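The lines below spell out each chain.
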Amino acid sequence: MDYKMLVSKALEGRKNAYAPYSKFKVGAAVLTEDGKVYTGCNIENASYGATNCAERTAIFKAVSEGYTTIKAIAIVGIENEYTYPCGICRQVIAEFGSEDIEIILGKNENEYIVKTLDEILPGAFTKRDLIK
Ligand code: THU
């Protein structure tokens, strides 16, 4: 897994962040199991609740193109700090992430940490529970 490549794609995605209200720009990039990369950014709205996070933008782009299994996601927010995905995005990552999805939090291109889904969303309710 080329973590550095995915973090740099997330940084590219962040360039398009539309965050005139919070000024908090976030970028994400997902790697599908087929090797495709989709980037995303946060997209805010004057009606604040209509805002879409960077992670969901990237994941929904992949899913809408037919790629429903994500092997890794890189997330970059504020410069030189780790930005963790919000609760809703964690649930969406649980829906489309592979069993061993790698969640890469980037401070910048050279500094990142890698988390598992169980670390950031322990005891997740997923489609596997519905099938039981
Ligand atoms: N945001 C994201 O894009 N991803 C996260 O995981 C955290 C929050 C965005 C939403 C909003 O545009 C801004 O950051 C401040 O909450």
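Residues numbered from 1 in each chain as written. Predicted model: local features only at pLDDT ≥ 70, side-chain atom pairs only at ≥ 80, totals over all residues. Heavy atoms only, no water.

## Brief notes about the overall build of the protein chain
- Secondary structure assignment for the protein chain yields five helices and five strands.
- Counting from the amino terminus, the protein chain carries its helices and strands in the arrangement α-β-β-α-β-α-β-β-α-α.
- Each principal axis of the C-alpha atoms in the protein chain carries an extent, and together these give about 45 × 35 × 30 Å.
- Within the protein chain, the fraction of its 132 residues that count as buried is 42%.
- For the protein chain, the share of sequence-separated contacts (at least 6 apart) that also reach a separation of at least 24 residues comes to 64%. (Helix = DSSP H or I, 4+ residues; strand = E, 2+ residues; numbered from the N terminus. Buried < 20%, exposed > 50% of the residue type's maximum accessible area, 1.4 Å probe, protein only. Contact = heavy atoms within 4.5 Å.)

## Regarding the UniProt feature "domain: CMP/dCMP-type deaminase" (unreviewed entry) in the protein chain
- In the numbering used here, UniProt assigns the feature "domain: CMP/dCMP-type deaminase" (unreviewed entry) to residues 1-128.
- Along residues 1-128 the backbone is 30% helical and 27% strand, and the end-to-end C-alpha distance reaches 26 Å. (UniProt positions renumbered as here; feature names shortened; annotations may be inferred.)

## As for the site of the ligand
- Around the ligand, a shell composed of Ser22, Phe24, Val26, Asn42, Glu44, Thr51, Cys53, Ala54, Glu55, Tyr84, Pro85 and Cys86 is seen.
- At 2.5 Å, a side-chain N or O of Glu44 approaches an oxygen atom of the ligand.
- Glu55 is positioned such that a nitrogen or oxygen atom in its side chain is 2.6 Å from an oxygen atom of the ligand.
- Alone, the ligand offers 370 Å² of accessible surface; in the complex the protein occludes 79% of this. (Near = heavy atom within 4 Å. Polar contact = N/O pair within 3.5 Å; in protein donor to acceptor, adjacent residues only side chain to side chain. Areas by Shrake-Rupley, 256 points an atom, 1.4 Å probe, with all protein chains shown as cover.)

## Remarks on the UniProt feature "binding site: Zn(2+)" (unreviewed entry) in the protein chain
- Mapped onto this numbering, the UniProt entry gives "binding site: Zn(2+)" (unreviewed entry) at Cys53, Cys86 and Cys89. The annotated residues occupy 37 residues of the chain but converge on a single region, no pair of C-alpha atoms lying more than 8.4 Å apart.
- Topologically, Cys53 is positioned in the loop between β2 (37-41) and α2 (54-64).
- If near-sequence neighbours (up to four positions away) are discounted, Cys53 is found in contact with Cys41, Asn42, Cys86 and Cys89.
- As for its position among the elements, Cys89 is in helix α3 (residues 87-96).

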